[in-house]
Amino acid sequence: GLALEWNRKPGDAKASYYAAIEADPDLTKVWDRLNKLRVTADTLLPLSQKILAKKPGNPTATMWAAFFLNQEKKFEDALNLGLKSLKVYREHGGVYQQTFIAANSLLRADPATAVAAFKLIHECYPWYPDAANNVGLFYRDRGSYSESLKWYLLAMERAPNSQDILNDTAPIYLFHTT
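Attention here is on the structure that accompanies the text. Along each chain, numbering runs from 1 in the same order as the chain's sequence is written. For a predicted model such as this one, the threshold for reporting local features is a pLDDT of at least 70, and the threshold for listing and counting side-chain atom pairs is 80 or more; totals across whole chains, interfaces and linings nevertheless cover every residue. In computing side-chain properties, one takes all heavy atoms of the structure into account and sets aside hydrogens as well as water.

## As for the pattern of salt bridges
Salt bridge, as applied in this entry: a Lys or Arg side-chain nitrogen positioned within 4 Å of an Asp or Glu carboxyl oxygen. As enumerated under the stated definition, the model contains four salt bridges in all. Taking the shortest distance from any N to any O, the salt bridge between lysine 150 and glutamate 147 comes out at 3.2 Å. Here lysine 150 and its partner glutamate 147 are both found in helix H10 (residues 145-158), three residues apart, which amounts to about one turn of the helix. The classification of residues rests on relative accessible area computed with a 1.4 Å probe and restricted to protein chains. Under 20% of the type maximum is buried, over 50% is exposed, and intermediate values are partly exposed. Its relative accessible area of 43% is what places lysine 150 among the partly exposed residues. Taking the shortest distance from any N to any O, the salt bridge between glutamate 157 and arginine 158 comes out at 3.0 Å. Labels follow the DSSP assignment, with helices taken as runs of H or I lasting at least four residues and strands as runs of E lasting at least two, numbered in each case from the N terminus.

## Concerning the packing of helix H4 (residues 41-54) against helix H5 (residues 59-71)
The contact between H4 and H5 brings their axes to 9 Å, and the two run at 140°. It follows that H4 is oblique to H5 by the angle criterion. Seen from above, H4 lies across H5 with left-handed handedness. Across the interface between the two elements, Ala41, Leu44, Leu45, Ser48, Ile51 and Leu52 from H4 touch Ala61, Thr62, Ala65, Phe68 and Leu69 from H5. Here the contact of H4 with H5 is composed, by residue class, of nine nonpolar, two polar and no charged. Only the stretch in contact is used when fitting a helix axis, every axis being a line fitted to C-alpha atoms; angles between N-to-C directions are given from 0 to 180 degrees. The labels follow the angle: roughly parallel below 35 degrees, roughly antiparallel above 145, roughly perpendicular from 65 to 115, and oblique for the rest. The sense of a crossing depends on the near helix, which, turned anticlockwise from the far helix by less than a right angle, makes the crossing left-handed and, turned clockwise, makes it right-handed. Residue contacts are counted whenever heavy atoms from the two residues lie within 4.5 Å of one another. Only Asp, Glu, Lys and Arg are considered charged in this grouping, and only Ala, Val, Leu, Ile, Met, Phe, Trp, Tyr, Cys and Pro are considered nonpolar; every other residue, Gly among them, is considered polar.

## Description of the nonpolar core
Among buried residues, the Ala, Val, Leu, Ile, Met, Phe, Trp, Tyr and Cys ones that are joined through side-chain atoms within 4.5 Å form a nonpolar core. Ranked by size, the top nonpolar core spans 45 residues in total, and within it Trp31, Leu79, Leu86, Phe118 and Ile121 carry the most contacts. Considering each element in turn, this core owes the most residues, seven residues, to H5. Those residues in contact with leucine 79 that lie beyond four places of it in its chain are Thr99, Ala102, Ala103, Leu106, Thr113 and Ala117.

## Quick look at a nonpolar patch on the surface
Like charges within 9 Å and nonpolar side chains (Val, Leu, Ile, Met, Phe, Trp, Tyr) within 5 Å are joined into patches, using only residues over 30% in relative accessible area that form no salt bridge. Areas reported as accessible are Shrake-Rupley estimates using a 1.4 Å probe. Residue values count occlusion only from the protein chains shown. Residues Tyr173, Leu174 and Phe175 make up a contiguous nonpolar surface patch of about 380 Å² in total accessible area. By secondary structure assignment, the location of leucine 174 is in helix H11 (residues 163-176).

## Some points on helix H8 (residues 111-124)
Because an α-helix packs 3.6 residues into every turn, residues spaced three or four apart end up facing the same way. Between the first and last C-alpha of H8 there are 20 Å, a value that for 14 residues agrees with the 20 Å anticipated at 1.5 Å per step. Along H8, the residues classified as buried are Ala114, Val115, Ala117, Phe118, Ile121, His122 and Cys124. Looking at the buried positions of H8, the neighbouring elements they touch are helix H6 (75-88), helix H7 (93-106), helix H9 (130-141) and H10. To estimate the expected span of a helix, count its residues, drop one, and scale the result by 1.5 Å.

## Focus: the packing of aromatic side chains
In this analysis, rings of Phe, Tyr and Trp, with Trp reduced to its six-membered ring, are considered paired at centre separations within 6.5 Å, and the interplanar angle assigns stacked below 30 degrees, edge-to-face beyond 60, and tilted for intermediate values. Counting across every chain of the model gives 10 aromatic pairs. When the centroid spacing of 5.5 Å and the interplanar angle of 75° are considered together, the rings of tryptophan 64 and phenylalanine 67 count as edge-to-face. Pair noted here: tryptophan 64 and phenylalanine 67 are both in helix H5, with a separation of three residues, about one helical turn. Taking the relative accessible area as the measure of exposure, tryptophan 64 reaches 6% and is therefore buried. Exposure remark for phenylalanine 67: the relative accessible area of 24% places this residue in the partly exposed category. Members of the aromatic cluster, joined through ring pairs, are Tyr96, Phe100, Phe118, Tyr125, Trp127 and Tyr128.

The quantities given are spatial measurements derived from coordinates; they are silent on function.
Put into structure tokens, the structure is as follows:
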């Protein structure tokens, strides 16, 4: 595909990339090349869904499907897809990122779903503090300070030098729980 692209044959390059993805959907560079060639979600979302029909939960196909679903503001679909994959492929940063974006986007419209998702994201991907911190923010905004502090402290364990998390945690600790 890359050779065809260099020879200014983007149509042939795309066909070659599609075949490569179908053969091995985890070839992330191929997905990146198609994205750079401005292949639209109209093409790549069905391709990722086709791969997911053959290989449910495939992390790379999930990441791209969730990416396009997030772009189309289909956050619940992106969230459900991402959570299923995270349960199996816990170390895939792209799936984590797209799932987190979907949960974050649902926070105002459906806070209960978003918080449940953040808790599951934290369980599946505990080494990053963002999901735990967002759960802490949720409980803080509802006046559940003890529960908020519990989640903030989990976030602090993951990122003890984070000024943002420290600024969220300290007032709860100092003024609401001691």
